[in-house]
Amino acid sequence: MGRMDGTVAFITGAARGQGRSHAVRLAEEGADIIATDTTAKVGSVPYDLATAEDLAETARLVEATGRRVVTGDADVRDLAALGAVVERGVAELGRLDVVLANAGISSPASTLDMSEQTWQDMIDINLTGVWKTLKASVPHVVAGGRGGSVVITSSLAALYANENTAHYSAAKAGLVQLMKVLAKELAPHRIRVNTVHPTTVATDMILNEATYRLFRPDLENPTRADFEEAARTLNRLPVAALEPADITNAVLYLVSDEGRFVTGTTHVVDAGGAL
């Protein structure tokens, strides 16, 4: 028996990284999955975004566990597209119990030097996109009448400031109050809402030249090794970056019966980075 037997989870940003890790682990625990990501381009993002092939690989990995999966290409900035994927998934899988609002971007830039588009893309995806994700999906959890769980991926950056991340930190901090309000609103329906706050995680969003430069502005062409040297100084535990599975473990606790009385919390997984 798995901890998520008989449930259905909707996950954004599921094509790779943390989203893929969440999808596969919840499937291993018995959940069917509605997985979405987008092939849309975002000009202000300085690394390659997910592909249709990435999302197909997530689906293959979920199906390899024996669980069902419904996928769809939906940009979190597009409420209608998100709604269509959720509707199709619920129609095919029969219910919705868990929402993981995981999709997000990174685009390091100085507060006063960043372009208006860089700021706007960040807010549209990392903050407004989460609200659209919730608006498209959570009513199905409410309608089920069985309770459920929502986990929003925030960041250590919501709690601990670093240079060149004002737009990212503002968006991720905004998610905390969004979570707290929604937790109060949904408590009568036995739906729990929490944020998870990772430190650096070894995904494509972090393992790229722009992030290496953010961490090592003293070097002209910093490498991953240079990034890891700096990242280790931010965490109190001796690690440069967590693995996606480390965040998935926290998410699984929050969405399973093990966390059945946990709501309105900021669940930090930061290797002591905020100390």
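Okay, so let's go over this structure.

Conventions adopted
In this numbering scheme, every chain counts its residues from 1 along its sequence in written order. In keeping with the predicted nature of the model, local features appear solely for residues at pLDDT of at least 70, side-chain atom pairs appear and are counted solely at 80 or more, and the whole-chain, interface and lining totals rest on all residues. To get the side-chain values, take all heavy atoms of the structure and skip hydrogens and water. Note on classification: 1.4 Å probe, protein chains only; a residue is buried when its accessible area is under 20% of the maximum for its type, exposed when over 50%, partly exposed between these limits. Helical segments are the DSSP runs of H or I of at least four residues, strand segments are the runs of E of at least two, and each set is numbered from the N terminus. When DSSP finds at least two bridges between two strands, those strands are taken to pair. Crossovers are described as right-handed under a simple rule: with the strands pointing away from the observer, the path leading from the first strand over the helix to the second runs clockwise. Polar contact is the term for a pair of N or O atoms within 3.5 Å; when the atoms are in protein, one must be able to donate a hydrogen and the other to accept it, and sequence-neighboring residues count only if both atoms are side-chain atoms. Residues count as neighbours in contact if any of their non-hydrogen atoms are within 4.5 Å of one another. Throughout, an axis means a line fitted to C-alpha atoms (over the contacting stretch in the case of helices), and angles, computed between N-to-C directions, take values from 0 to 180 degrees. Like-charged residues are merged into a patch within 9 Å and nonpolar side chains (Val, Leu, Ile, Met, Phe, Trp, Tyr) within 5 Å, provided each residue has over 30% relative accessible area and no salt bridge. Here the accessible surface of atoms and residues is derived via Shrake-Rupley with a 1.4 Å probe, and residues count as covered only by protein chains that are part of the display. We define a salt bridge as a side-chain nitrogen of Lys or Arg found within 4 Å of a carboxyl oxygen belonging to Asp or Glu. Only centres within 6.5 Å qualify two rings of Phe, Tyr or Trp (six-membered ring in Trp) as a pair; their planes then separate them into stacked at under 30 degrees, edge-to-face at over 60, and tilted for everything else.

1. Points about the pairing of strand 6 (residues 191-198)
Burial within strand 6 is extensive, with eight of its eight residues counted as buried. Bridge count between strand 5 (residues 148-153) and strand 6: six bridges; the pairing is parallel. Note that in strand 6 the partner of Val150 across the bridge is Val193. Taken together, strand 5, helix 5 (residues 166-186) and strand 6 form a β-α-β motif whose crossover is right-handed.

2. Things to note about the side chain of Ser154
Along the chain, Ser154 falls in the loop between strand 5 and helix 5. Under the relative-accessibility criterion, Ser154 is labelled buried at 2%. Polar side-chain contacts of Ser154 include one of 2.9 Å to the backbone oxygen of Lys172. Setting aside anything within four residues of it in sequence, one finds Ser154 in contact with Lys172, Leu175, Val176, Thr195, Val196, His197 and Pro198.

3. Looking at the environment of Ala166
Mapped onto the elements of the fold, Ala166 is located in helix 5. Distance from Ala166 to Pro198, taken between C-alpha atoms, is 17 Å for residues 32 residues apart in sequence. The residues contacting Ala166, other than those within four sequence positions of it, are Thr111 and Trp119.

4. Observations concerning the sheet that holds strand 7 (residues 266-269)
One open sheet accounts for seven strands, arranged 3-2-1-4-5-6-7; its pairing is parallel. Edge positions in the sheet fall to strand 3 (69-73) and strand 7, since each of these pairs with one other strand and no more. Adjacent strand axes in the sheet meet at a mean angle of 15°, parallel and antiparallel pairs treated alike. Relative to strand 7, strand 6 is paired through four bridges, and the arrangement is parallel. Note that in strand 7 the partner of His197 across the bridge is Val268. In the packing of helix 1 (residues 17-28) onto the sheet, contacts are made with strand 1 (8-12), strand 2 (32-37), strand 4 (98-101), strand 5 and strand 6, and the angle to strand 1 comes to roughly 170°. Along the sheet, helix 4 (residues 116-144) makes contact with strand 1, strand 4, strand 5 and strand 6, crossing strand 4 at roughly 175°.

5. Topic: a nonpolar patch on the surface
Among the surface-exposed residues, Leu159, Tyr160 and Val268 lie close enough to one another that they form a single nonpolar patch of about 240 Å² accessible area. With respect to the element layout, Leu159 can be found in the loop between strand 5 and helix 5. Judged by relative accessible area, Leu159 falls into the partly exposed class, the value being 46%.

6. Some remarks on the packing of aromatic side chains
Scanning the model with the defined rule gives two aromatic pairs in all. Here the aromatic cluster, defined as three or more aromatic residues joined through ring pairs, consists of Tyr212, Phe215 and Phe227.

7. Quick word on the environment of Leu82
Relative to the helices and strands, Leu82 is located in helix 3 (residues 79-93). Look at Leu82 and you get buried, because its relative accessible area is 0%. Between the alpha carbons of Leu82 and Val262 there is a distance of 27 Å; along the sequence they are 180 residues apart.

8. Topic: the pattern of salt bridges
For the structure on display, the rule yields 15 salt bridges. The residue Arg3 makes a salt bridge to Glu29 at a minimum N-O spacing of 3.3 Å. Taken together, the residues Arg3 in the segment before strand 1 and Glu29 in the loop between helix 1 and strand 2 connect sequence positions 26 residues apart. The class of Glu29 is buried, set by a relative accessible area of 13%. A salt bridge links Glu229 to Arg216; the shortest N-O distance between them is 3.4 Å. Taken together, the positions of Glu229 in helix 7 (residues 224-234) and Arg216 in the loop between helix 6 (209-215) and helix 7 put the pair 13 residues apart, joining distant regions of the chain. The exposure class of Arg216 is buried, given its relative accessible area of 12%. Taken together, the salt bridges that share partners define one network made up of Arg3, Arg25, Glu29 and Glu258.

Shape is all these values report; function is a separate question.
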